[in-house]
Amino acid sequence: MKSLTRKNSLRGTLTVPGDKSISHRAIMFGALAEGTTTIHGFLKGADCLSTIDCFRKMGITIEEKDETIYVHGKGLHGLQESKEILNAGNSGTTTRLISGILAGQDFPTVLSGDASLNSRPMKRIITPLSMMNADITSCKDNGCAPLVIKGRPLKAIHYDSPVASAQVKSCVLLAGLYADGETSVTEPALSRDHTERMLRSFGATVRSEGRTCTIIPPKNLHGQHIEVPGDISSAAFFIVAGLITPDSEILIKNVGINDTRAGILKVCEAMGGDISYENVREEGGEPVADLLVRSSSLHGTVIEGDIIPTLIDELPVIALMACFAKGETIIRDAHELRVKESDRIEIVSRNLLAMGADVIATDDGFIINSRQKDEVPALHGASIECAMDHRIAMTFAVAGINADGETVITDSDCVDVSYPGFFGQLEAL
């Protein structure tokens, strides 16, 4: 449990943890490569540790020395049958991506997770994998984990995905490593492209043309050195905190600004946010920069369409930011929020209403009007329940330092999933 009260300003420099999406993929691709993959900046959150645990159970040696992770890969066909159920914990990324890999192995696997994970939709990967000749079933026949995957030869397909989801796209592409020809995925909007970028660096041939991505099965992958940039989804909480907290200036160093992930930066700019890019560079095929964030006078905007997949995980804290913007903000086309670690539309709106916000939950987003007038604060303190959702806890920590009175987050420990040091860094500013 955490108690938070208003801060009059935030000033300082910080580095956020490594990108969660890239950390997951570095372990997975390193395990499938020949030779050793070294990973610097790996996120040691619970989700990524679940990925490590799964691959260790399949015979992959993964070591940590001096803040560097070493993955001793065994090649595309070097995984071994686990003697026990693979436990993905709370990690949807682990579950969906590893399913694509497991579909092409020569052994069976049972893949499960915690209660939250086992209620999240897996039919979205069961359908395309089944089209590829995979033997994958939902144990409870409800389209959710636990999943039983009996590996066997796969056939190449072209899949028109009904959702813009990097997890679905990546699952199919990873199954494509084991298919009998070129496998391609077309999305309704472009989702994050970390899988494509990293597979190329490991030696795979991956083509991207508009919203379609194609993989040609490689003979092998080769171990790499991976520098994981700071996670923009983690930086988002300090970006918003710096914009809405008076008299603030925060420098966030080494943040990944990949266009398929950086929608929050475009939204902040559209709302009048003062964010400067410093030391812009490229590391390991990913664009990186230091972000200087200053307090800003914000105004409402409309967030919809193709930008949604580039900021889906940041929408809870963007909804909070909208409470401090003049006028109306509308967020739509974000029904995916309903099937994250929690129903984020329902829980964000419920908690914002408890803090006095003017917010209406819609089927696929929010309508938010600022109540901030002159010196009257937009929000007041409240007791916040997060449904053990890490991004909800961090969103309302930022709300708590910008609200009158005390805000208590009852299940604050859930931040360890992606950002174990979050509260310490927030307090240090």
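Look above for the structure.
To start, this report covers the structure provided alongside it. (Residues numbered from 1 in each chain as written. Predicted model: local features only at pLDDT ≥ 70, side-chain atom pairs only at ≥ 80, totals over all residues. Heavy atoms only, no water.)

The subject of this paragraph is the overall build of the protein. Looking only at helices and strands, one finds 12 helices and 23 strands in the protein. A compact globule built from 429 residues should have a C-alpha radius of gyration of about 22 Å, and the protein, at 21 Å, falls within 12% of that. Considering only C-alpha atoms, the protein reaches an extent of 65 × 45 × 40 Å along its principal axes. Taking all 429 residues of the protein together, 61% fall into the buried category. For the protein, contacts bridging at least 24 residues in sequence account for 75% of all contacts bridging at least 6. A total accessible area of about 15,700 Å² is found for the protein, and carbon and sulfur atoms account for 47% of it. Both charge centroids of the protein, one from 41 positive and one from 56 negative side chains, sit 3 Å from each other. (Helix = DSSP H or I, 4+ residues; strand = E, 2+ residues; numbered from the N terminus. Rg over C-alpha atoms; globule rule 2.2 N^0.38 Å. Buried < 20%, exposed > 50% of the residue type's maximum accessible area, 1.4 Å probe, protein only. Contact = heavy atoms within 4.5 Å. Areas by Shrake-Rupley, 256 points an atom, 1.4 Å probe, with all protein chains shown as cover. Lys, Arg positive; Asp, Glu negative; His and termini not counted. Charge placed at Lys NZ, Arg CZ, Asp CG, Glu CD.)

On to the sheet that holds strand β16 (residues 274-283). Taken together, 4 strands build an open sheet; the order of strands is β2-β15-β17-β16 and the sheet is mixed. With partners counted over all chains shown, the strands left at the sheet margins are β2 (11-15) and β16, one partner each. Taken pair by pair, the neighbouring strands of this sheet meet at an average axis angle of 15°, ignoring direction. The sheet contact formed by strand β15 (residues 249-256) and strand β17 (residues 286-294) spans 6 bridges and is antiparallel. Among the inter-strand pairings, glycine 256 is bridged to a residue of β17, identified as valine 288. Its contacts with the sheet put helix α7 (residues 232-244) on β2, β15, β16 and β17, and the angle it makes with β15 is roughly 165°. (Pairing = 2+ DSSP bridges. Axes fitted to C-alpha atoms, helices over the stretch in contact; angles between N-to-C directions.)

Turning our eyes to something else, we now look at the packing of helix α2 (residues 46-57) against helix α3 (residues 92-103). The geometry of a pair of packed helices is captured by two quantities: the angle between their axes and the separation between those axes. Where α2 contacts α3, the two axes come as close as 10 Å, and the packing angle between them is 25°. Between α2 and α3, the crossing angle belongs to the class labelled roughly parallel. Crossing handedness for the pair α2 and α3: right-handed. Every residue of α3 that contacts α2 at Asp47, Thr51, Cys54 and Phe55 is listed here: Thr94, Ile98 and Ile101. Partitioned by chemical class, the residues of the contact of α2 with α3 number 4 nonpolar, 2 polar and 1 charged. (Parallel < 35°, antiparallel > 145°, perpendicular 65-115°, else oblique. Left-handed = near helix turned anticlockwise from the far one by under 90°. Nonpolar A, V, L, I, M, F, W, Y, C, P; charged D, E, K, R; others polar.)

If you walk across this open sheet you meet the 4 strands as β6-β7-β9-β8, and the pairing is mixed. At either end of the open sheet lies a strand with only one pairing partner, and these are β6 (86-87) and β8 (135-138). The sheet contact formed by β6 and strand β7 (residues 108-112) spans 2 bridges and is parallel. Counted as the bridge partner of leucine 86 is leucine 111 from β7. Running at roughly 155° to β8, helix α4 (residues 123-131) makes contact with β8 and β9 (147-150) of the sheet.

Across 2 bridges, the pairing between strand β18 (residues 302-303) and strand β19 (residues 328-331) is parallel. In the sheet register, isoleucine 303 faces β19, and the bridge partner there is isoleucine 331. With 4 bridges joining them, β19 and strand β21 (residues 365-369) adopt antiparallel strand pairing. Counted as the bridge partner of threonine 329 is isoleucine 368 from β21.

With that settled, the discussion passes to the side chain of glutamate 196. Summarising the element assignment, glutamate 196 is placed in helix α6 (residues 194-201). Exposure remark for glutamate 196: the relative accessible area of 2% places this residue in the buried category. In terms of polar contacts, glutamate 196 uses its side chain to reach the side chain of lysine 169, at 2.8 Å. (Polar contact = N/O pair within 3.5 Å; in protein donor to acceptor, adjacent residues only side chain to side chain.)

Throughout the structure, instances matching the rule amount to 6 aromatic pairs. Both rings, one in phenylalanine 237 and one in phenylalanine 422, keep their centres 6.1 Å apart while their planes meet at 70°; by these two values the pair is edge-to-face. Of this pair, phenylalanine 237 sits in helix α7 while phenylalanine 422 is found in helix α12 (residues 422-428), placing the two residues 185 residues apart along the sequence. Each member of the pair, phenylalanine 237 as well as phenylalanine 422, carries the same accessibility label: buried. Taking 5.2 Å as the distance between ring centres and 75° as the angle between the ring planes, the aromatic pair formed by phenylalanine 422 and phenylalanine 423 counts as edge-to-face. An identical accessibility class is assigned to phenylalanine 422 and phenylalanine 423; each is buried. In this structure an aromatic cluster arises from ring pairing among Phe237, Phe238, Tyr419, Phe422 and Phe423. (Phe/Tyr/Trp six-rings, centres within 6.5 Å; stacked < 30°, edge-to-face > 60°.)

Within the largest apolar cluster, 77 residues are counted, with the highest numbers of intra-cluster contacts made by Ile239, Ile252, Met321 and Leu379. Top contributing element to this core by residue count: α7, with 10 residues. Excluding its chain neighbours within four sequence positions, the residues that come into contact with methionine 321 are Val240, Leu243, Ile244, Val267, Cys268, Met271 and Leu298. (Core = buried A, V, L, I, M, F, W, Y, C linked by side-chain atoms within 4.5 Å.)

In this chain, alanine 145 is followed by proline 146 through a cis amide linkage whose omega measures 5°. Turning to its location among the elements, proline 146 is positioned in the loop between β8 and β9. One non-glycine residue with positive phi stands out, namely aspartate 333, at about 70°. Summarising the element assignment, aspartate 333 is placed in the loop between β19 and α10 (344-354).

Coordinates in, geometry out; function isn't part of it.
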